[in-house]
Amino acid sequence: MTLEQIKEILPTLENVEFQLENGTFVPEHFHVTEVGQINKKFIDCGGVIREESVVNFQLWNADDYEHRLKPGKLLSIIKLSEEKLGIENNEIEVEYQSDTIGKYDLDFNGKTFVLKSKTTACLAQDACGIPSEKVKRNLTEITIDQNNSCTPGGGCC
């Protein structure tokens, strides 16, 4: 989800709710403690220099049980961030504390924002010698060409 997409969704909501893919909700008294843009410049294992930018939201679960972030307030925080920091319309990455700080992609299911698990990957598989994954097939799925097959006693072996 991009920054523009969340800005279009927020005015249509009564409440801002986040949940993990497993269905667990972020406590409703969470705080958005940061909105920013993270620019990353790096070199992959194949020697290619890469750059990426994401808009970062940090969610924090405080003991402030009376706090409820409303859509209009989050929208005003986003607009202030755009104005003061020059944040661009990039994909949103959400930081949320579980056992450690987790980084998540953001999606919307029509009612709540969903924190989607992120995974690592090699960006240069062709350059660093990682073989492509072999296709696993069930033997029952393999068809036999009867014109080109050996049969017991057929003399082809």
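The structure displayed is predicted, hence computed values, not measured ones.

Chemist: Even after reading the chapter, I still don't get the overall build of the protein, so can you show me in this structure?
Modeler: Along the protein, the regular secondary structure elements total three helices and six strands. Listing the helices and strands of the protein from first to last along the sequence gives α-β-β-β-α-β-β-β-α. Counting the 157 residues in the protein, one finds 32% classified as buried. Here the contacts in the protein between residues at least 6 apart in sequence split such that 66% fall between residues at least 24 apart.

Chemist: Sorry, what's going on with helix H2 (residues 71-85) here?
Modeler: Think of an α-helix as 3.6 residues a turn; residues three or four steps apart then line up on the same face. In this model, H2 (15 residues) spans 21 Å end to end at C-alpha, consistent with the 21 Å of a helix rising 1.5 Å per residue. Where H2 is concerned, the buried positions are Pro71, Leu74, Leu75, Ile78, Ser81 and Glu82. Buried residues in H2, looked at end-on, bunch into an arc of 120°, giving them a common side. Relative to its buried face, H2 has exposed residues pointing more than 90 degrees away, namely Lys73, Glu83 and Lys84. Each element contacted by the buried residues of H2 is listed here: helix H1 (3-9), strand E2 (30-43) and strand E3 (49-61). One or two steps after H2, the chain reaches Gly86, where phi turns positive at roughly 70°.

Chemist: Could you clarify how one ought to interpret the state of the cysteines in this entry?
Modeler: By definition, a disulfide links two cysteine residues through a covalent bond between their sulfur atoms. Going through the model one piece at a time under the given rule, you end up with zero disulfides. As a non-bridged cysteine, Cys45 has Cys122 as the owner of its nearest cysteine sulfur, 3.5 Å distant. Residue classification places Cys45 among the exposed residues on the basis of a relative accessible area of 53%.

Chemist: Would you explain the side chain of Glu95 in this entry?
Modeler: Tracing the backbone shows Glu95 in strand E4 (residues 92-97). Buried and unpaired, Glu95 has Lys103 as its nearest opposite-charge partner, separated by 4.8 Å. Only 3.5 Å separates the side chain of Glu95 from the side chain of Asn56, close enough to count as a polar contact. Ignoring sequence-local partners within four residues, the contact set of Glu95 consists of Ile38, Asn56, Phe57, Gln58, Leu59, Ile101, Gly102 and Lys103.

Chemist: What exactly am I supposed to notice about the sheet that holds strand E5 (residues 101-108) here?
Modeler: Strand pairing in a sheet relies on backbone hydrogen bonds, with the paired strands running either antiparallel or parallel. Strand order across the open sheet formed by six strands is E1-E6-E5-E4-E3-E2, with mixed pairing between neighbours. Edge positions in the open sheet fall to strand E1 (18-20) and E2, since each of these has one partner strand only. If you compare each strand with its neighbour and ignore which way they point, the axes differ by 40° on average. Here 13 bridges tie E2 to E3, and the two strands are oriented antiparallel to one another.

Chemist: Is there a simple way to explain the environment of Asp105 in this structure?
Modeler: Inspection of the secondary structure puts Asp105 in strand E5. For Asp105, a relative accessible area of 33% puts it in the partly exposed group. Polar side-chain contacts of Asp105 include one of 3.4 Å to the side chain of Lys118.

Chemist: It is not clear to me how the environment of Phe108 should be interpreted in this structure. Could you clarify?
Modeler: Take Phe108: it is sitting in strand E5. Placed 91 residues apart in sequence, Phe108 and Glu17 show a C-alpha to C-alpha distance of 10.0 Å. Sequence-distant contacts of Phe108, defined by excluding residues within four places in its chain, comprise Met1, Ile9, Leu13 and Phe113.

Cut-offs and rules
- Residues numbered from 1 in each chain as written.
- Predicted model: local features only at pLDDT ≥ 70, side-chain atom pairs only at ≥ 80, totals over all residues.
- Heavy atoms only, no water.
- Helix = DSSP H or I, 4+ residues; strand = E, 2+ residues; numbered from the N terminus.
- Buried < 20%, exposed > 50% of the residue type's maximum accessible area, 1.4 Å probe, protein only.
- Contact = heavy atoms within 4.5 Å.
- Expected span 1.5 Å × (residues − 1).
- Arc of directions from axis to C-beta.
- Disulfide = S-S within 2.5 Å.
- Lys, Arg positive; Asp, Glu negative; His and termini not counted.
- Salt bridge = Lys/Arg side-chain N within 4 Å of Asp/Glu carboxyl O.
- Polar contact = N/O pair within 3.5 Å; in protein donor to acceptor, adjacent residues only side chain to side chain.
- Pairing = 2+ DSSP bridges.
- Axes fitted to C-alpha atoms, helices over the stretch in contact; angles between N-to-C directions.

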